[in-house]
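Structural characterization, general
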Amino acid sequence: MSGSLRRRDVLLAGAAFASVSLSGRSDARVYGGGAPWTPGIAPGLADVPQTIPGGDFKFFTTAEAAFIDAAVARLIPADHLGAGAKEAGVTVFLDRQLAGPYGRAERWYMQGPWHDGTKSQGYQSRLSPAELYRAAIRFIDQHCRQQLGGKGFAELSTDQQDSVLKEIEKGKLKIADIGPHAVEIEGAKGPDGDTFFAVLMQNTIEGFFSDPIYGGNRDMVGWKLIGFPGARYDYRPYVERHGEKLDLPPVGVRGRPEWKDQS
């Protein structure tokens, strides 16, 4: 898994993702009666989750958060272009999403019958996203400890982590088959590795490019990387200016970090 290759793929995905809303995400809010901010003022900016003091996670255990930190740091690594997923707070984003309606699959059809689907049919596991993450992290850590000197995934070298992630991505590591006591959640066997990898990759991209109000894209590093101006209320002056670089600092739902906090 080449860091430069993965980052290039993510940039291409991000350019498309930045123009699509996160409809159906867990902590979405509806604003009415005008814009939720005024120029130069960012009401409530202080409660945007920038860090997790003392490991105050809503879903992840400390060990699970360490796993996710390590995994997303390999999917979107920091390099000469800027911060990676770990630095952008993607673990915070994932923690908040998995603790909410998305993690519980509240808007998904989650009843039987249960058959193996095709890749074109998308996500087919009977596990909710929260159950998927919890089971997969446990299985992968168990696999690493059995095969790699007793170390969990977060303790491995980056080369070893890349190797494990490649196995998962290619479906070589069948999470359901790890260990003699495969965990079952409400009668469901553990997920296949490639299913988990696809969800983790998609969620990592979402966290890296989402509005900072959701906990990821800290300091709007994802938007700055691709030149996305953010959630501005009016692009009409720029509609006909094709091919021009927009030298506009990105603006989130709650403004920009450098705006004066009025909370």
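What comes next is a walk through the structure. Model, not experiment: these values are computed from the prediction.

Moving on, we come to the overall build of the protein chain. A tally of helices and strands in the protein chain yields eight helices and zero strands. If you list the helices and strands of the protein chain from N to C, you get α-α-α-α-α-α-α-α. Residue burial in the protein chain is summarised as follows: out of 263 residues, 43% are buried. In the protein chain, the proportion of contacts linking residues at least 24 apart, taken out of those at least 6 apart, comes to 71%.

On to the nonpolar core. Residues Ile-68, Leu-94, Ile-140, Phe-153, Phe-196 and Leu-200 are the most contacted members of the largest nonpolar core, which totals 44 residues. Those elements that place two or more of their residues in this core are helix H2 (62–75), helix H3 (90–98), helix H5 (129–147), helix H6 (158–169) and helix H7 (193–209). Apart from the residues lying within four places of it in its own chain, the contact partners of Leu-94 are Phe-60, Ile-68, Val-72, Tyr-133, Leu-200 and Asn-203.

Mapped onto the fold, Arg-96 is located in helix H3. On a C-alpha basis, the gap between Arg-96 and Phe-59 in space is 7.1 Å, while along the polypeptide they are 37 residues apart.

By the definition in use, this model includes six salt bridges. Measuring nitrogen to oxygen at the nearest pair gives 2.5 Å for the salt bridge that ties Arg-96 to Asp-95. Summarising the burial analysis for this pair, Arg-96 and Asp-95 share the class buried. Across the salt bridge formed by Glu-106 and Arg-104, the nearest N and O atoms sit 2.8 Å from each other. A residue is classified by how much of its surface remains accessible, and Arg-104, at 47% relative accessible area, is partly exposed.

Take the packing of aromatic side chains next. Per the counting criterion, the structure on display carries seven aromatic pairs. For the ring pair Phe-59 and Phe-60, a centre distance of 5.4 Å and an interplane angle of 65 degrees mean the geometry is edge-to-face. A single burial state applies to Phe-59 and to Phe-60, both of which are buried. Measuring from ring centre to ring centre gives 5.0 Å for Phe-208 and Phe-209, while their planes differ by 85 degrees; the resulting arrangement is edge-to-face. Phe-209 matches Phe-208 in its accessibility class, with the two residues each being buried. Three or more aromatic residues joined by ring pairs form one cluster here, namely Tyr-102, Trp-108 and Tyr-123.

Thresholds, definitions, all that
- Residues numbered from 1 in each chain as written.
- Predicted model: local features only at pLDDT ≥ 70, side-chain atom pairs only at ≥ 80, totals over all residues.
- Heavy atoms only, no water.
- Helix = DSSP H or I, 4+ residues; strand = E, 2+ residues; numbered from the N terminus.
- Buried < 20%, exposed > 50% of the residue type's maximum accessible area, 1.4 Å probe, protein only.
- Contact = heavy atoms within 4.5 Å.
- Core = buried A, V, L, I, M, F, W, Y, C linked by side-chain atoms within 4.5 Å.
- Salt bridge = Lys/Arg side-chain N within 4 Å of Asp/Glu carboxyl O.
- Phe/Tyr/Trp six-rings, centres within 6.5 Å; stacked < 30°, edge-to-face > 60°.

In short, shape yes, function no, at least from these values alone.
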